[in-house]
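# Structure assessment
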Amino acid sequence: MSIVSNSLKRIKPSPTIAVTQKARELKASGKDIISLGAGEPDFDTPDNIKQAAIKAIKDGDTKYTAVDGTPALKNAIVGKFKRENNLEYQTDQITVGAGGKHVIYNAMMATLNEGDEVIVPAPYWVSYPDMVLLAGGNPVILECNEKQGFKINPSELEKSITKKTKWIILNSPSNPTGACYSEKDIREIAKVLEKHSHVYILSDDIYEHVIYKGFQFFTIAQIDSLKDRVLTMNGISKAYSMTGWRIGYAAGPKEIIKAIAKIQSQSTTNPSSISQAAAVEALNGIQDFIKERAISFQERRDFVVKALNDIDGIECLNPDGAFYVFPSCKGLLGKKDPNGNELKTDTDFVQSLLENSGISVVQGSAFGLEGFFRISYATSMENLKKAMERIKSFCESLN
Ligand SMILES: Cc1ncc(COP(=O)(O)O)c(C=O)c1O
């Protein structure tokens, strides 16, 4: 009999972390690898934030903190929601965890009973379905294809809601597609959700600040009729280039926030005191660099989308945010690579691309939609130029 629990057998390791790890290993063995797999900004954490962490260490701010966040950080988060989203919360409606991922995991563990359904629009961030499964729930995958811009069709959403639906997860800007829901899009979805008062909404806003010229960010908690059923998750990883600091947070119904604190009190106790001090500075300090960084990401997106669409057999939409694109490789499936192997699936495609060209990307099927692959362009323009040339010659070598 295996020592491993039955609930763990329901899930798989994160495929995006696996790809990043594989690229790291190949690089360490001396291979010339360009990784377009990582989900983190290539920029450094701003200096004022680092200084706040150093000060916290020097001041002895190195002990256990309140379970779900220091008062200073909760106040900074309340301020952030007011300033950026015009949303009012009290500190007892805020929770802080060790990253946005941890907050979502806690929320699922705190709320799901065996057999509860969670609607997960696909392509999805890889962790949603597995977290639902681990918590004993059933992910209900709602396919959103490229013809609908990888966004939810409200009438399809209506059909996927049952009596057992507990949550729907929304993610805009999206990982893996970069698709962004406008206020109009969200209002259409809200019209459906208003009719189903038993359904809670988890809005994953982690890429809120990675948006491009002209796009206005809107989040579903801004719709008054739904706010009491919305848990809005956000964090400092992407906006402030602080992926390693592990701070994420959420705002929402007190009952859920309290339940999450109960889990945290028996598991991680609290997020790192030093990272919390740094997060206070991130949220309260200067914000100018966020827009500057978004401009850099936009230049890279423009370059990558054009370069991909210039390749025969690849088609790529031009998304409004996040640092990902999700091109189709369907036009190349069925062809043979230089070693004579037939590329039957997107997984074959990305494996062959890595082996033959040293470019690491993630197959679309890992995100619930086959025939695509995800590119993260959170890397230097120099790397992107080299990578696009290599992808082009690889695709041209297929026959
Ligand atoms: C869509 C989405 N949500 C949440 C997260 C979690 O981010 P973190 O745990 O670093 O806050 C990520 C990270 O890749 C993500 O892509």
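How each quantity is defined
Residues numbered from 1 in each chain as written. Predicted model: local features only at pLDDT ≥ 70, side-chain atom pairs only at ≥ 80, totals over all residues. Heavy atoms only, no water. Helix = DSSP H or I, 4+ residues; strand = E, 2+ residues; numbered from the N terminus. Rg over C-alpha atoms; globule rule 2.2 N^0.38 Å. Buried < 20%, exposed > 50% of the residue type's maximum accessible area, 1.4 Å probe, protein only. Salt bridge = Lys/Arg side-chain N within 4 Å of Asp/Glu carboxyl O. 1 Å grid on protein atoms, 1.4 Å probe; cavity = no way out; pocket = protein on both sides within 12 Å on 5 of 7 lines; lining within 4 Å. Points joined across faces, edges and corners; volume = space filled by probe spheres on them. Nonpolar A, V, L, I, M, F, W, Y, C, P; charged D, E, K, R; others polar. Polar contact = N/O pair within 3.5 Å; in protein donor to acceptor, adjacent residues only side chain to side chain. Contact = heavy atoms within 4.5 Å. Axes fitted to C-alpha atoms, helices over the stretch in contact; angles between N-to-C directions. Parallel < 35°, antiparallel > 145°, perpendicular 65-115°, else oblique. Left-handed = near helix turned anticlockwise from the far one by under 90°. Pairing = 2+ DSSP bridges. Core = buried A, V, L, I, M, F, W, Y, C linked by side-chain atoms within 4.5 Å. Near = heavy atom within 4 Å. Areas by Shrake-Rupley, 256 points an atom, 1.4 Å probe, with all protein chains shown as cover. Sits in = over half its atoms within 2 Å of the grid points.

### Some details on the overall build of the chain
Check the secondary structure of the chain and you find 13 helices and 12 strands. Rg of the C-alpha trace for the chain: 21 Å, near the compact-globule value of 21 Å for 399 residues, within the 12% margin. The dimensions of the chain, computed from C-alpha atoms along their principal axes, are 60 × 55 × 55 Å. By the burial criterion, 54% of the 399 residues in the chain qualify as buried.

### With respect to the pattern of salt bridges
Tallying each qualifying case throughout the model produces 21 salt bridges. Notably, a salt bridge pairs Lys 191 with Glu 188, separated by 3.4 Å at the nearest N-O pair. Note that Lys 191 and Glu 188 are positioned in helix 8 (residues 183–194) at a spacing of 3 residues, about one turn of the helix. Linked by salt bridges that have partners in common, Lys 80, Arg 83, Glu 84 and Glu 208 make up one network.

### Structural notes on the layout of surface pockets
Approximately 580 Å³ is the volume attributed to the largest pocket. Lining the largest pocket are 30 residues, with Ile 17, Gly 39, Lys 101, Trp 125 and Lys 238 sitting closest to its centre. Of all elements in the fold, only helix 2 (15–28), helix 5 (100–111) and helix 6 (127–134) reach the threshold of two or more residues within the lining of the largest pocket. Residue contributions to the lining of the largest pocket peak at 4 residues, all from helix 2. Here the lining of the largest pocket is built from residues that sort into 11 nonpolar, 12 polar and 7 charged. Its boundaries defined by the atoms lining it, the second largest pocket holds a volume of some 430 Å³. Residue lining of the second largest pocket: 17 residues in total, with Glu 208, His 209, Ile 211, Ile 290 and Lys 291 positioned closest to the centre. For the lining of the second largest pocket, the leading source of residues is helix 11 (residues 288–309), giving 5 residues. Residue classes in the lining of the second largest pocket are distributed as 7 nonpolar, 6 polar and 4 charged.

### Here we look at the side chain of Thr 45
Note that Thr 45 resides in the loop between strand 1 (34–35) and helix 3 (47–58). By relative accessible area, Thr 45 is classed as buried at 7%. Reaching out from Thr 45, the side chain makes a polar contact with the backbone oxygen of Ser 241 at a distance of 2.7 Å. For Thr 45, the residues in contact, after removing those within four places along its chain, are Lys 50, Tyr 240, Ser 241, Met 242 and Trp 245.

### Brief notes about empty space enclosed by the protein
For the coordinates displayed, the defined rule picks out 4 cavities of 30 Å³ or more. Considering the residues around the largest cavity, the lining is formed by 16 residues, among which Pro 121, Pro 123, Asn 171, Ser 174 and Tyr 181 are closest to the centre. Listing elements by their share of the lining of the largest cavity, those giving two or more residues are strand 3 (117–122) and strand 5 (165–171). The element best represented in the lining of the largest cavity is strand 3, accounting for 3 residues.

### Some details on the packing of helix 4 (residues 71–85) against helix 10 (residues 273–284)
Closest axis-to-axis distance for the helix 4/helix 10 pair is 9 Å, and the angle between their directions is 25°. By the angle class used here, helix 4 and helix 10 are roughly parallel. In the packing of helix 4 onto helix 10, the handedness of the crossing is left-handed. Contacts between helix 4 and helix 10 involve Ala 72, Leu 73, Ala 76, Ile 77, Lys 80 and Arg 83 from the former and Gln 276, Ala 279, Val 280, Leu 283 and Asn 284 from the latter. Along the lines of polarity and charge, the residues of the contact of helix 4 with helix 10 split into 7 nonpolar, 2 polar and 2 charged.

### As for the sheet that holds strand 11 (residues 362–363)
Pairing in this open sheet of 3 strands is antiparallel, and the strands run 9-12-11 from one edge to the other. For this open sheet the edge positions go to strand 9 (324–325) and strand 11, each flanked by a neighbour on one side alone. As judged from the 2 bridges shared by strand 9 and strand 12 (residues 373–376), these two strands associate in the antiparallel manner. In the strand pairing of strand 12, Tyr 324 is matched with Ser 376.

### A look at the nonpolar core
If you look at the biggest cluster of nonpolar residues, it comprises 70 residues, and the most contacted ones within it are Leu 36, Met 108, Leu 308, Ile 314, Phe 349, Ile 375 and Ile 391. Broken down by element, this core gets its largest block of residues, 6 residues, from helix 13 (residues 381–397). When neighbours within four sequence positions are excluded, Ile 391 is seen to be in contact with Leu 36, Ile 311, Leu 353, Ile 359 and Ile 375. With 47 residues, the next largest nonpolar core counts Phe 81, Phe 218, Leu 226 and Ile 290 among its residues.

### Here's the deal with the site of the ligand
In the neighbourhood of the ligand, 13 residues make up the surrounding shell, with Gly 100, Asp 204, Ser 237, Lys 238 and Arg 246 lying closest. At 2.7 Å, a side-chain N or O of Ser 237 approaches an oxygen atom of the ligand. When the free accessible area of the ligand is taken as 400 Å², the share hidden by the protein chains comes to 92%. The site holding the ligand turns out to be the largest pocket. Split by residue class, the shell around the ligand holds 4 nonpolar, 5 polar and 4 charged.

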